[in-house]
Amino acid sequence: MIPPVAIDVTVNGVRHRRDVEPRLLLSDFLRIDLGLTGTHVGCEHGVCGACTVLLDGAAVRSCLMLAAQADGHTVATVESLGTPDDLHPIQAAFHAAHGLQCGFCTPGILMTLVPFLEEQPHPSEQQIREVLGGHLCRCTGYQNIVAAVQLACDTPARR
Amino acid sequence: MKPAPFAYHQPASVEEALALLAAHKGGGEAKPLAGGQSLIPAMNFRLARPAVLVDLNRIAELSGIRDAADGLHIGAMTRQRAVERDPLVARRDGAPLLAEAMPFIAHPQIRNRGTIGGSLAHADPAAELPAVMVALDARFQVRGARGSRWIAAGEFFTGLFVTALDPSGGELLVEIVIPHPAARSGWAFAEVARRHGDYALAGVAAVVALDDAGRCREARIALLSVGDGPVLAKRAAKAILGEQPTPEAIREAADAAAAKDIDPPGDIHASPAYRRQLVAVLVRRVLEQAVERAGTEM
Amino acid sequence: MTLPLVGERVLRREDARLLTGRALFVDDVQLNGMLHVAFLRSQHAHARLVGIDATAARRRPGVVAVYTAADLGDYWQPGPLLVPPPPIPGLVFHPRTQVPLVKDKVRHLGEPIAMVVADSRYVAEDALDDIVVDLEPLGAVVDLEAALAKGAPLVHEQLASNLAAHVVQKKGDYQAAKAKAHVVVSRRFLYDRGISAAIENRAVAAQWDARAEELTVWDTTQAPIPIRNGLARMLGLLESQVRVIAPFVGGGFGPKIMMFYPEEVLVPWAARRLGRPVKWTEDRQENFTATTQERGQVHDAELAVDEHGTILGVKDVFLHDSGAYDSYGLTVPINTQCTLLGPYAVPNYYTEFTAVFTNKTLVTPVRGAGRQHGVFVMERLLDFAARELKLDRVEIRRRNYLRPGQFPFDNEIIFQDSAPLVYDSGDYAPALAQAAEMIGYERFLREEQPRLRVAGRHVGIGIVSYIEGTGIGPYEGARVTVEPGGQVRVATGVGTQGQGHFTAFAQIVGEVLGVPMERINVVTGDTREFHWGTGTFASRGAVVAGTACHAAAVAVREKIFDVASRVLDTPKDRLELVGGRVKKKGDAGSGAGIELGALAARANPLRGAVRPGSEPGLEATAYYGPDRGSTASGVHAMIVEVDPETAMVQIQRYVVVHDCGRLINPMIVEGQIQGGVAHGIGNAFYEQLIYDDTGQLQNASFMDYLLPTATDVPRVEIAHRETPSPLNPIGLKGVGEAGCIPTGAAFAQAVEDALADYRLEITEIPLSPDKLFDLLKKTRPAKRNLVVIEGSFVFQGPRPAVYALLQDPDVLGKSLPGAMRLDRTGDGRYDGLMKVGIGPVTAAEFSVSVTLSDREPPARYGMVVEGKGPFGFTRGTAQVALADAPGGATEMTYRAEVQVGGTIAGVGQRLLDSVAKRMTKQGLEALNTALTARL
């Protein structure tokens, strides 16, 4: 039997100490062990981007990381942004611009956009499209996602 | 698509990592885990089933970028995103070719995790970094149980996913050194991929240097995705060395690259003939740009 | 006066939950004691199941059960025929439907053979390796024409051939029309499609509550009610004992309407049998073979026109790939033949298709559902006719449009819904003019294109039109309830996969009842809330369920007026609904009249009597079932730039003028069109399922199956036209599939225009840079799905000695890289073991067998090498010839075809050629060394 690994990880500001099987993917740890099902799984080979979360502030694929590797690190998922009554500005922009349809790919896209817009408060359309290139969306044709990002750039940052 | 079980170690130093790899030599497949952006997908498909994973992500000494007299030193575990953003790399006397190629590697979310050394040791024939390092004539420091040695990039990539690292897995790539650019040199990178961030159908990384008369005195043209590994286009370089880099000379070099330097594979995305065409076009475009850059003062 | 909601850009009610990660998707369902499922799936496309042994898997710690077909007993039944064929005279149809687990024969890659139930998905996948399955590969049926050839292997042995269906439909007399034609253009067209690629894979979770004797199933289905009905029947339960919930579903696009998928049958059964909740979530690798797809058709088509370009007739004969089973009937090919006619007056039409069984995943509708095939054929024929007549592309279309006075227009053939193909309404010419104006068609051709051509740039324009039959029956229903709290609850049976139903239905009901949006609560996809209906498909949700919502709301409005008339002592015709209140017309002030919630409470008294002939509360249920569908239409135009050196294409502009009748919510409609166009662009240039000759899918991952990304899809400029449908009170037509239907046709026309100086014709979609390169070079396209190794090698030794040694197991073994041993097991037969790994693929042991044949010493022999291991299998067929070479040497020439199956074939395709070359080289060198030592 392979011994479990003890991890100490802060997710959305909450510290968790758990024993995990070494092979447990970070995406499954978040969804199953912590019940944070806002992080979605679409391909498990790093292409679709639905599982994107922030690791120490940087957008990464949670399906291409082991939970054990998050030990000592900080993870943020979509649940760390706004709530239905108090949307984060980027979430509000997606709502206003109809930037989502089925909404399955959306949490991952949001997690890419949050650090992107912090570094790049006024991106060009080409820059927006390139950063979105790491995400697959089958519903929107990306047009209103781009529009949502542009709208968010004109919105004064709330936090 | 969940990985098969494996034993997992997180060493804090290169010595410790080498000891772990040595301990598992012959006793199963011990694999070093760098950024994991190629290995973990393969594990999720259960194509890779290492018995032991030695995770290098805790080894602080393997990360970092510094400038030295002999060139730019990049730790093997430096994240690709860090390389992409580092001003030392982007400077004209740094490694501008590397900076130019970085955005072609997958997507930012992958580069945030992927490491420079991981990509090189993986030696995927379609990867950008091996070709860039060959074009830059970089040197790699590798360490094993018996000490360290240096390998030139041109000799590091020995075949399809095969490198000069000890085949039993007892060696680690620890550092990359990229020599400073020569005077009057220029660079360029280009590739054709189906979509932005995909594995290229073909790609070219090149560095040229001109002499005082404007003749080409050095040309390192490395091709990707057209062979078992990065291909140094020697016939193309020979065609242009010592010549004035006129459009005709450049075209001759590009045609030589396509016709003589490669035996490209075919796959569902590109036939061998299409790959040859892409190489001819891309070598021409890259050389034109590199020559133009070499002609402008630093 | 009611406040206008229909037609407004109302922001979506469902967004907040989705944006904050709080929406429930099926894979989010986690219950105490839940078990997880993995399926053992066939790595072969066509094979006989000889034996299966799951003993070791059952013994693995953490495994709760392993089921094979034998374990299912009487529960094992082929699935239902989902859509029986329409009543077309002379129609031939052989229904063959999918099975829950393979019993005797595998008919497509990925068909499930065994089901493992375990504590976690990780352990369930571990146990798949423990199952020993003996499959005897059979020749695979892949190519459509070869499938119908005499002697082809049979997908279903009980049938005489692989013909699944044959249908002829006729209008007028095509041959007579052709005889009078000025020009007849005739071409062969190929149109292939791909996967739906919803980003959410399928999932099913089920829980049996033994005390309540109730089964709850969460399913990513587009049709929860039919699933509920079928499950109840299969499991011997009352429909009321089964609750199916399709919560938020992460994209449907067609395949999630298919039923019953084996997993939908097995997961609820296992949950009941084991008395524990059970969940299966498809992974992306499974999705590529287990979820239905849409695939190729081959058309031989003709268009006859007079000297003005007026259409005299069309003839189209095509083959349609059904896949291994035809459970979804003939919806896709009939859509093709019915959509081909487009917005044009076609007086004579002959259309014939043959549907073919192949050893590939089932074909069912994927967004567009065969319509794009028909549009492509017709639009390309018009382009070629225009070129021959030297007629403008816009003009030839304009001349042939049906005119507004011609509706309803009967095309005299039968549509997929079994109704005659009658267009309800349309106004086509203004849409074409508007699209041409928006994209600057004339200016582009007159000024921009010539100017850019001089500058060496290859830009082109494409403009095409299409119609789409939408909003078909049979029916949908809705229940509208005014709750005592003042909220209005709307329940309907259709599921939702991102189409904005929560908002659009609320707009319809809100407008009728004068209730603000925020007080309307829409529920979809839960059979406990509403249990009559069919589902979301065929661009029908808004039309059919939306109209039912409207009817139910109108009925509730009547009840409100009835009750309010008594309460307010006012005649009904003097009442109005405003802001959630009912009041006398003309009464001003926010407190006028009575609030609807209070009225609902009055209508449901605790004492007193509800009068005979009336019902308690303010609630009504209504249904809408159209006799036939409504016909949407549109024009797409695009400008592309092609780099002929690299064969890469960039779409610079994209214009859509669309007419789906009256709009409920233009914002949502635009989103549907934008997404559809992106899907269409994928189909035009990026997405194609590539099968090899053995039925192995060569691009079974998102690395090689290319969905368009944000950098590949242009901004779509959209204009709406609203020609209302006379078939429903709001005037609705569907829009869900529209965006992707004409994209391939527009793309082909634009690329061809950009490359006018190359004089090439595009008759195949999807195009790819590789295929475009072949067109540009006029080279015969290389076969892309087979690894071929050819070469020669000189051995230093005489021919007879070389020949003899090549048959020696020790020497032969040396030629197989990684061979651990090789033993002669018979004349020309060898068995052994080899260990092979490459790059990231961990070295694994493969059993290997070598068979020599056609031996003609010392000149030539044939060799078949078969390997089988944990990640798949390989089969190489080689011909080897020996000839004398100068200096007593022997020259060997060889040609080998290598086929690879399993995971490696699906995800490692780009490396196969290099790997095969490398292994051949290594093998030959090792062989040379071994021979030299022995000679």
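Residues numbered from 1 in each chain as written. Chains lettered and ligands numbered in written order. Predicted model: local features only at pLDDT ≥ 70, side-chain atom pairs only at ≥ 80, totals over all residues.

Caption draft 1: Summary view of the overall build of chain A. When helices and strands are tallied, chain A shows five helices and five strands. Reading chain A from its N end, one meets helices and strands in the order β-β-α-β-β-β-α-α-α-α. Over its C-alpha atoms chain A spans a radius of gyration of 16 Å, differing by no more than 12% from the 15 Å that the globule rule assigns to 159 residues. Along the three orthogonal principal directions, the C-alpha set of chain A runs to about 50 × 30 × 25 Å. When each of the 159 residues of chain A is scored for burial, the buried share is 68%. (Helix = DSSP H or I, 4+ residues; strand = E, 2+ residues; numbered from the N terminus. Rg over C-alpha atoms; globule rule 2.2 N^0.38 Å. Buried ≥ 20, exposed ≤ 12 C-beta atoms within 10 Å, placed from the backbone.)

Caption draft 2: Focus on the overall build of chain C. A tally of regular secondary structure across chain C gives 24 helices and 37 strands. Relative to the 2.2 N^0.38 estimate, which gives 30 Å for 935 residues, the radius of gyration of chain C is 31 Å and therefore close to what a compact globule would have. Judged by the C-alpha coordinates and their principal axes, chain C covers about 115 × 75 × 50 Å. By the burial criterion, 58% of the 935 residues in chain C qualify as buried. Here the analysis covers contacts within chain C between residues at least 6 apart in sequence; of these, 77% occur between residues at least 24 apart. (Contact = placed C-beta atoms within 7 Å.)

Caption draft 3: The arrangement of helix H11 (residues 371-389) of chain C in detail. A rise of 1.5 Å per residue sets the reference length of H11(C), with its 19 residues, at 27 Å; its end C-alpha atoms lie 27 Å apart and thus fit the reference within 8%. Here H11(C) lies mainly inside the structure; 15 of its 19 residues are buried. (Expected span 1.5 Å × (residues − 1).)

Caption draft 4: Structural detail: the interface of chain C and chain A. Each partner contributes to the interface: chain C provides 45 residues, whereas chain A provides 46 residues. For the side of chain C that touches chain A, the secondary structure elements donating two or more residues are helix H1 (15-19) and helix H18 (666-686) of chain C. It is H18(C) that contributes the most residues to the side of chain C that touches chain A, seven residues altogether. Among the residues forming the side of chain C that touches chain A, the class breakdown is 22 nonpolar, 14 polar and nine charged. (Nonpolar A, V, L, I, M, F, W, Y, C, P; charged D, E, K, R; others polar.)

Caption draft 5: Local environment of the sheet that holds strand S32 (residues 819-826) of chain C. Residue and element names in this part refer to chain C. The strand order S31-S37-S36-S35-S34-S33-S32 describes an open sheet built from seven strands, whose pairing is antiparallel. The sheet is open, and its two edges are formed by strand S31 (787-795) and S32, each paired on a single side. In this sheet, adjacent strand axes meet at a mean angle of 25 degrees when their direction is disregarded. The pairing of S32 with strand S33 (residues 829-838) spans six bridges and is antiparallel. When the sheet's bridge partners are listed, leucine 822 is paired in S33 with glycine 832. (Pairing = 2+ DSSP bridges. Axes fitted to C-alpha atoms, helices over the stretch in contact; angles between N-to-C directions.)

Caption draft 6: Structural context of the pairing of strand S22 (residues 520-524) of chain C. Residues and elements named next belong to chain C. The alternating pattern of S22 places Ile520, Val522 and Thr524 on a buried face and Asn521 and Val523 on a face that is not buried. In terms of strand pairing, strand S21 (residues 488-492) meets S22 through five bridges, oriented parallel. The residue of S22 that forms the bridge with threonine 492 is threonine 524.

Caption draft 7: Focus on the packing of helix H2 (residues 89-96) of chain A against helix H5 (residues 143-154) of chain A. All names here are of chain A. It is at 8 Å that the axes of H2 and H5 come closest, and there the two elements cross at 130 degrees. Here H2 lies oblique to H5, going by the angle between them. With respect to the hand of their crossing, H2 and H5 are arranged in right-handed fashion. Residues Pro89, Ile90, Ala93, Phe94 and Ala96 of H2 form the contact with H5, whose participating residues are Ala148, Leu151 and Ala152. By residue class, the composition of the contact of H2 with H5 is eight nonpolar, no polar and no charged. (Parallel < 35°, antiparallel > 145°, perpendicular 65-115°, else oblique. Left-handed = near helix turned anticlockwise from the far one by under 90°.)

Caption draft 8: Geometry of the nonpolar core. Among the nonpolar cores identified, the biggest contains 449 residues, and B:Ala206, B:Leu223, B:Ala257, B:Val283, C:Val116 and C:Val509 are the most heavily contacted of them. Ranked by residue count, the leading element in this core is helix H16 (residues 541-567) of chain C, at 13 residues. (Core = buried A, V, L, I, M, F, W, Y, C linked by C-beta atoms within 7 Å.)

Caption draft 9: Local environment of the interface of chain B and chain A. Opposite the 22 residues of chain B that make contact, chain A presents 22 residues. For the side of chain B that touches chain A, the elements supplying multiple residues, two or more each, are strand S1 (7-9), helix H2 (39-44) and helix H6 (108-111) of chain B. Class assignment of the residues belonging to the side of chain B that touches chain A gives a composition of 11 nonpolar, nine polar and two charged.

Caption draft 10: Seen up close, the sheet that holds strand S4 (residues 58-61) of chain A. Residues and elements named next belong to chain A. Strand order in the open sheet formed by five strands is S2-S1-S5-S3-S4, with mixed pairing between adjacent strands. Looking at strand neighbours, the two that pair on one side only are strand S2 (14-20) and S4, the edges of this open sheet. Strand-to-strand twist across the sheet, computed as the mean angle between neighbouring axes with direction ignored, equals 40 degrees. By the bridge criterion, two bridges tie strand S1 (residues 5-11) to strand S5 (residues 74-76) in an arrangement that is parallel. Directly across from valine 11, in S5, lies its bridge partner valine 75. Here helix H3 (residues 106-119) sits on the sheet and contacts strand S3 (52-55) and S4; the angle it forms with S3, its principal contact strand, is near 35 degrees.

Caption draft 11: Highlighting the confidence of the model for chain C. Summing up the model confidence of chain C, the mean pLDDT is 94 and the portion of residues at 70 or higher is 99%. Among the scores for the predicted complex, ipTM is 0.97 and pTM is 0.96. (pLDDT = per-residue confidence, 0-100.)

Caption draft 12: View of the packing of H11(C) against helix H12 (residues 393-400) of chain C. Residue and element names in this part refer to chain C. It is the contact of H11 with H12, at a shortest axis distance of 9 Å, that shows an interaxial angle of 115 degrees. If you check the angle between H11 and H12, you find them roughly perpendicular. Both H11 and H12 take part in a crossing whose hand is right-handed. For the pair H11 and H12, contact is made by Leu382, Asp383, Ala385 and Ala386 and by Arg393, Ile396 and Arg397, respectively. Partitioned by chemical class, the residues of the contact of H11 with H12 number four nonpolar, no polar and three charged.

Caption draft 13: Local environment of unusual backbone geometry. Residue C:Phe260 is bonded to the preceding C:Met259 through a cis peptide linkage, with omega at -5 degrees. Structurally, C:Phe260 can be placed in the loop between strand S12 (242-245) and helix H8 (262-274). With an omega of -10 degrees, the peptide bond running from C:Pro857 to C:Pro858 counts as cis. Summarising the element assignment, C:Pro858 is placed in the loop between strand S34 (841-856) and strand S35 (860-869). Of note, the phi angle at B:Phe161 is positive, near 60 degrees, even though the residue is not glycine.

Caption draft 14: How the structure looks around the environment of B:Ala206. Residues and elements named next belong to chain B. Position of alanine 206 relative to the elements: it lies in strand S12 (residues 200-210). When the 31 C-beta atoms within 10 Å are taken as the criterion, alanine 206 is described as buried. The residues touching alanine 206, leaving out its near neighbours within four places in the chain, are Ala135, Trp187, Ala188, Ala219, Arg220, Ile221, Val286, Leu287 and Ala290.

Caption draft 15: Region of interest: the pairing of strand S17 (residues 409-414) of chain C. Residues and elements named next belong to chain C. As paired strands, S17 and strand S18 (residues 420-423) are joined by three bridges and run antiparallel to one another. Bridged to phenylalanine 409 within S18 is tyrosine 423. Adjacent in sequence and paired antiparallel, S17 and S18 are bridged by five residues, among which serine 418 carries a positive phi angle near 75 degrees.

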